[in-house]
Amino acid sequence: MERGAVISLFLSLFVSVVASADIYKDPSQNVEIRVQDLLSKMTLAEKIGQMTQIELKVADNTVMQNYFIGSVLSGGGNLQSAALATRLQIPMIYGIDAVHGHNNLYGATIFPHNVGLGCTRDPDLLKRIGAATALEVRATGIPYVFAPCIATCRDPRWGRCYESYSESTDVVKSMTDFIFGLQGEPVSKTMGIPFVANSSKVAACAKHFVGDGGTMNGINENNTIIDYNGLVSIHMAPYVDAIAKGVSTIMVSYSSWNGEKMHANRFLVTEVLKSNLKFQGFVISDWEGIDRITNP
Ligand SMILES: *[C@@H]1O[C@H](CO)[C@@H](O)[C@H](O)[C@H]1NC(C)=O
Ligand SMILES: *[C@@H]1O[C@H](CO)[C@@H](O)[C@H](O)[C@H]1NC(C)=O
């Protein structure tokens, strides 16, 4: 045997050993099998790290590697840390959308807010705005936005009412076409599966699950007092549309439902959202939402 042939035989053996050891790296395998393989090989520390999103100010290459950090948040108005990220070459996985003032730092287009867009009753316009926003966010190196807010605002005293498309659930439902603009439009056989078309698009985040626009006296992050049927028909219905349209992530609400904090609500987040509505994307907590479950 030629030396070259020995080496290539060795290489092909090596490759096949690696392939059988790391099923999760093999794109020809079934996704569920790959996920199971990867999870079975992860340590607890890796799992915790991957679920953790830290602020850019405390992120450096050592922290990212030592703690297996899953994602980095570029906090609102944080121009200095954006420059820092570039210097450290930290991948900016997650960013805050124009709603909270990330992209305006780069001179991006500022569109009318959701309450005004809802008044247009024009889902196609929303789709085009979503597409423009995706391009501008992607141009800053960020592949994820915390939008759209699909709250149904039932009390105009709520300070974040302008982030809601409407008091009408039907209007909010139709405006979820914004997600098509941000992520691209899945073909029918992939409807309902988290979807980002390509590198001109960003992952969207439908928020805040659920009942954020229904709090008592419009008090921000307060208590939404309503029976289950009311919660579903007024506040949850737009999530059914968002999931069907391929939304990749859903953020949990600070608010409570009948006195129980949404961040602690296993029934609504796990049973209803993941099992019944079959949401397969990421569920993300709101800023320190886990910390706020208890006091202290
Ligand atoms: C990305 O996907 C969008 C929506 O499907 C499509 O219009 C666009 O042409 C694609 N861009 C690239 C660079 O492939
Ligand atoms: C609602 O707001 C009131 C007044 O600020 C506060 O005392 C109460 O704890 C809040 N309830 C919830 C569930 O957040």
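Above this note sits the structure.
The present account deals with the structure reproduced in this document.

Conventions used here
- Residues numbered from 1 in each chain as written.
- Chains lettered and ligands numbered in written order.
- Predicted model: local features only at pLDDT ≥ 70, side-chain atom pairs only at ≥ 80, totals over all residues.
- Heavy atoms only, no water.
- Near = heavy atom within 4 Å.
- Polar contact = N/O pair within 3.5 Å; in protein donor to acceptor, adjacent residues only side chain to side chain.
- Areas by Shrake-Rupley, 256 points an atom, 1.4 Å probe, with all protein chains shown as cover.
- Nonpolar A, V, L, I, M, F, W, Y, C, P; charged D, E, K, R; others polar.
- Salt bridge = Lys/Arg side-chain N within 4 Å of Asp/Glu carboxyl O.
- Buried < 20%, exposed > 50% of the residue type's maximum accessible area, 1.4 Å probe, protein only.
- Phe/Tyr/Trp six-rings, centres within 6.5 Å; stacked < 30°, edge-to-face > 60°.
- Helix = DSSP H or I, 4+ residues; strand = E, 2+ residues; numbered from the N terminus.
- Lys NZ or Arg CZ within 6 Å of the ring centre and 35° of its normal.

Quick look at the site of ligand 1
Here's step 1: In the vicinity of ligand 1, the contacting residues are A197, N198, S200 and K201.
Here's step 2: N198 places a polar side-chain atom, nitrogen or oxygen, 2.4 Å from an oxygen atom of ligand 1.
Here's step 3: Across the complex, the protein chains shield 36% of the 360 Å² of accessible surface that ligand 1 would expose by itself.
Here's step 4: Looking at side-chain class alone, the shell around ligand 1 contains one nonpolar, two polar and one charged residues.

Side note on the site of ligand 2
Here's step 1: Residues in contact with ligand 2, as listed here, are E221, N222, N223 and S256.
Here's step 2: A distance of 2.2 Å separates an oxygen atom of ligand 2 from a polar side-chain atom of N222.
Here's step 3: Across the complex, the protein chains shield 41% of the 360 Å² of accessible surface that ligand 2 would expose by itself.
Here's step 4: For the shell around ligand 2, the per-class residue count stands at no nonpolar, three polar and one charged.

Some points on the pattern of salt bridges
Close approach of charged atoms lets side chains of opposite charge pair.
Here's step 1: One pass over the full model with this rule turns up 10 salt bridges.
Here's step 2: Note that E163 is salt-bridged to R160, the shortest N-O span being 2.8 Å. Comparing E163 with R160 shows no difference in burial state: the two are buried.
Here's step 3: Within this structure, D22, K25, D37 and K41 form a network of salt bridges that share partners.

Comments concerning the packing of aromatic side chains
Here's step 1: A complete count under the given rule lists four aromatic pairs for this structure.
Here's step 2: Ring geometry for F209 and Y239: centres 5.0 Å apart, planes at 90 degrees, overall edge-to-face. Here the residue F209 occupies a position in strand β3 (residues 205-209), and Y239 occupies one in helix α10 (residues 228-244), the gap between them amounting to 30 residues. The same class applies to F209 as to Y239, namely buried.
Here's step 3: When the centroid spacing of 6.2 Å and the interplanar angle of 55 degrees are considered together, the rings of Y228 and W257 count as tilted. Of the two residues, Y228 sits in helix α10 while W257 sits in strand β6 (residues 256-257), which places them 29 residues apart along the sequence.
Here's step 4: Taking the relative accessible area as the measure of exposure, Y228 reaches 32% and is therefore partly exposed.
Here's step 5: Each member of the aromatic cluster is reached from another via a ring pair, and the members are Y228, W257 and F267.
Here's step 6: A cation over a ring is seen here: R292 above Y254, with NZ or CZ 4.0 Å from the ring centre.

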